[in-house]
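Chains, contacts and geometry: an overview
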Amino acid sequence: MVPELEKATVRIRQPERVRGIIRTLREQGGAKLQVISDFDMTLSRFGCNGRRCPTSHNILDTSRVVSEDGRKKLKDLLHYYYPIEIDPNRTLEEKCPLMVEWWTRAHELLVQQKIRKDDIAQIVRESEVMLRDGFKEFFDQLHKNSVPLFIFSAGVGDVLEEIIRQASVFYSNVNVVSNYMDFDDDGVLTHFKAPLIHTYNKNNSVLQGTDYFQQLSTRTNIILLGDSMGDLTMADGIPSVENILKIGFLNDKVEERRGKYLEAYDIVLESDETLDVVNGILRYILTET
Ligand SMILES: Nc1ccn([C@@H]2O[C@H](COP(=O)(O)O)[C@@H](O)[C@H]2O)c(=O)n1
Ligand SMILES: [Mg+2]
């Protein structure tokens with residue numbers, strides 16, 4: 001039914017259950033569907049040309065508008081906190097305060113750099129960021145079928161919006177909740193707006209105050225896309241969810257984290273830099289019979 005599910009990168013713990021959910025999503029059609037997706041390392045690529053692709057934070061951290069000292073400090077933070085973020089042996093209770101610490105320290109350093117709003121577009125153009133292969137078909141299919149795409153990101157909203165704008169896929173069905181910067185009258189970064197969103201608080205605790213929360217409630221079939229265990233709670237709090245298909249990109253430390261991902265996500269895509277499987281499923285669901 002979806003030939004892409006035969007790809008070597010695909011792992012599924014309960015294939016019959018997954019086939020059942022996909023069949024139901026197709027029967028109930030696009031009108032009941034929404035896609036909730038993480039951004040960094042889910043819609044954007046993890047690897048490019050043998051190296052790590054930048055996250056929306058990394059794009060700023062390594063840009064020319066950040067001093068050499070600032071770049072070094074931000075890199076040190078990444079090297080200290082990222083292994084904690086992805087450690088499968090630490091509990092959420094341990095990780096959460098450390099993630100708040102990471103984001104807070106990184107945002108403070110970025111504010112010290114007096115980044116200008118007008119520089120963001122050029123910073124993105126000069127970066128190595130890449131959306132996953134097949135991104136155009138993904139955004140186009142959702143737009144054409146009026147399926148809302150809700151991007152829920154602990155990255156930097158201003159940067160990720162610019163990435164999808166430059167890729168010419170920031171359509172009217174796309175809504176973003178993320179960490180946004182605030183600028184003074186001269187267009188200089190003064191602070192990041194609250195609430196702070198980090199990897200492990202992506203749930204209704206930060207969604208409740210947003211316009212999008214109401215819209216989320218009306219589409220009760222969900223395809224959830226993520227790359228972190230923290231992304232699994234992105235649909236929590238949406239009342240009356242009928243069917244949910246969770247697709248997880250397992251990008252890093254694959255062997256070590258496979259077990260936990262297979263338990264948590266319905267479909268796990270291992271070191272797969274494409275949106276082929278997601279596009280195949282959407283094609284199947286959205287094509288009229
Ligand atoms: N200072 C930071 C903080 C976080 N990250 C990475 O950003 C990603 C979070 O954004 P999502 O769109 O995936 O929610 C996550 O992968 C962190 O590792 C960073 O690079 N720098
Ligand atoms: Mg991510």
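Within every chain, residues take consecutive numbers counted from 1 along the sequence as written. The lettering of chains begins at A and the numbering of ligands begins at 1, in the order of writing. Only residues with pLDDT of at least 70 are given local features in this predicted model, and only at 80 or more are side-chain atom pairs given and counted; all residues enter the totals for whole chains, interfaces and linings. The side-chain figures draw on all heavy atoms in the structure; neither hydrogens nor water molecules are used.

Once that is clear, we can look at the overall build of the chain. A tally of regular secondary structure across the chain gives 11 helices and 11 strands. A compact globule built from 289 residues would reach a C-alpha radius of gyration of about 19 Å, and the chain, at 19 Å, matches this within 12%. Referenced to the eigenvectors of the C-alpha coordinate spread, the extents of the chain come out at roughly 55 × 40 × 35 Å. Each residue is placed in one exposure class: buried if its accessible area under a 1.4 Å probe, protein chains only, is under 20% of its type's maximum, exposed if it is over 50%, and partly exposed if it falls in between. By residue count, 57% of the 289 residues in the chain fall in the buried class. Contacts are assigned to residue pairs with any non-hydrogen atoms lying within 4.5 Å of each other. Across the chain, every contact between residues at least 6 apart in sequence was considered, and the portion connecting residues at least 24 apart equals 71%. Exposure was quantified through the Shrake-Rupley algorithm and a 1.4 Å probe, taking into account, for residues, occlusion by the shown protein chains and nothing else. Entry remark: accessible area of the chain is about 13,000 Å², with carbon and sulfur atoms responsible for 48%. With 36 positive and 45 negative side-chain charges, the chain shows a spacing of 3 Å between the two charge centroids. Where helices and strands are cited, they refer to DSSP runs of H or I of at least four residues and of E of at least two residues respectively, numbered from the N terminus. In this setup the radius of gyration rests on C-alpha atoms only. A globule is expected at 2.2 Å times the number of residues raised to 0.38. Positive charges come from Lys and Arg alone, negative charges from Asp and Glu alone, with His and the N- and C-terminal ends not counted. Lys charges are placed at NZ, Arg charges at CZ, Asp charges at CG and Glu charges at CD.

With that settled, the discussion passes to the sheet that holds strand β2 (residues 33-37). Strands sit in the order β1-β11-β10-β9-β2-β5-β6 across an open sheet of seven strands; the sheet is mixed. Since the sheet does not close on itself, it has two edges, and those belong to β1 (10-11) and β6 (174-179), each with one partner. Packed on one face of the sheet, helix α1 (residues 15-28) meets β9 (221-226), β10 (243-250) and β11 (267-270) and runs near 125° to β10. At least two bridges found by DSSP between two strands are what make those strands a pair. Axis lines are fitted through C-alpha atoms, for helices just across the contact stretch, and the angle between N-to-C directions can take any value from 0 to 180 degrees.

The next thing to look at is the environment of aspartate 186. Residue position: aspartate 186 is located in the loop between β7 (181-183) and β8 (189-192). Look at aspartate 186 and you get exposed, because its relative accessible area is 57%. C-alpha separation for the pair aspartate 186 and lysine 117, spaced 69 residues apart in sequence, amounts to 9.1 Å.

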